[in-house]
Amino acid sequence: SWYRPDARHVRVPAALALRASGFMNGDRWGSVGLSPHHVLAVTNLGGATAGAVVAVARHLRRRTRAALGIELRPEVKLLGEARVPDWATYLARHGHVPGAGEPGWALGMGAAPAG
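These notes cover the structure that comes with them. Since the model is a prediction, treat every value here as computed from it, not as a measurement.

1. Focus on the side chain of Asn25
Moving on, step 1. With respect to the helices, strands and loops of the structure, Asn25 is situated in the loop between α1 (14-20) and β3 (28-29).
Moving on, step 2. A polar side-chain atom of Asn25 sits 3.3 Å from the main-chain carbonyl oxygen of Pro36.

This is the structure:
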């Protein structure tokens, strides 16, 4: 689940880091959420602005850094500018709705072996 490409770095799968930080498939904040199929996919669930999507993505990164000390690096390159709302204001207006949890195929993955 992790590997060491060189003596100074350890790489951890981003999905594992997000789950360890408390995020689950299907979590949502207003019209932005994590895919029910893959925790890494931040999705527009209908009517979200680019700024709202960026705000949620930044929240994921901040919370993962605070919980684990791991810096997630976005793969998406943004073109242009988006008005990104203040997170506290956005969250007050669009509270967190928990997702359904782990998909069936992932249940038990990462658990310590019995015995």
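2. A look at the packing of aromatic side chains
Moving on, step 1. Applying the stated criterion across every chain yields a total of three aromatic pairs.
Moving on, step 2. Look at Trp29 and Trp87: their rings are 6.5 Å apart centre to centre, the planes differ by 65 degrees, and that puts the pair in the edge-to-face class. Taken as a pair, Trp29 in strand β3 and Trp87 in helix α3 (residues 87-93) lie far apart in primary sequence, 58 residues in all.
Moving on, step 3. With a relative accessible area of 1%, Trp29 lands in the buried category.
Moving on, step 4. We classify Trp87 as buried; its relative accessible area is 14%.
Moving on, step 5. Grouping aromatic residues by their ring pairs yields a cluster made of Phe23, Trp29, Trp87 and Tyr90.
Moving on, step 6. Across the ring face of Phe23, the terminal group of Arg63 is positioned such that the distance to the ring centre comes to 4.1 Å.

3. A look at the pattern of salt bridges
Moving on, step 1. Tallying each qualifying case throughout the model produces two salt bridges.
Moving on, step 2. Between Arg61 and Glu71 there is a salt bridge; the shortest N-O distance is 3.1 Å. Within this pair, whereas Arg61 is found in helix α2 (residues 50-68), its partner Glu71 is found in the loop between α2 and α3, the two being separated by 10 residues in sequence.
Moving on, step 3. Residue classification places Arg61 among the partly exposed positions, given a relative accessible area of 27%.
Moving on, step 4. Overall, Glu71 belongs to the partly exposed group, its relative accessible area being 39%.
Moving on, step 5. Where Arg65 meets Glu71, a salt bridge forms, and the shortest distance between an N and an O atom there is 2.9 Å.
Moving on, step 6. The exposure class assigned to Arg65 is partly exposed, which follows from its relative accessible area of 39%.
Moving on, step 7. When salt bridges that share partners are traced, they join Arg61, Arg65 and Glu71 into one network.

Thresholds, definitions, all that
Residues numbered from 1 in each chain as written. Predicted model: local features only at pLDDT ≥ 70, side-chain atom pairs only at ≥ 80, totals over all residues. Heavy atoms only, no water. Helix = DSSP H or I, 4+ residues; strand = E, 2+ residues; numbered from the N terminus. Polar contact = N/O pair within 3.5 Å; in protein donor to acceptor, adjacent residues only side chain to side chain. Phe/Tyr/Trp six-rings, centres within 6.5 Å; stacked < 30°, edge-to-face > 60°. Buried < 20%, exposed > 50% of the residue type's maximum accessible area, 1.4 Å probe, protein only. Lys NZ or Arg CZ within 6 Å of the ring centre and 35° of its normal. Salt bridge = Lys/Arg side-chain N within 4 Å of Asp/Glu carboxyl O.

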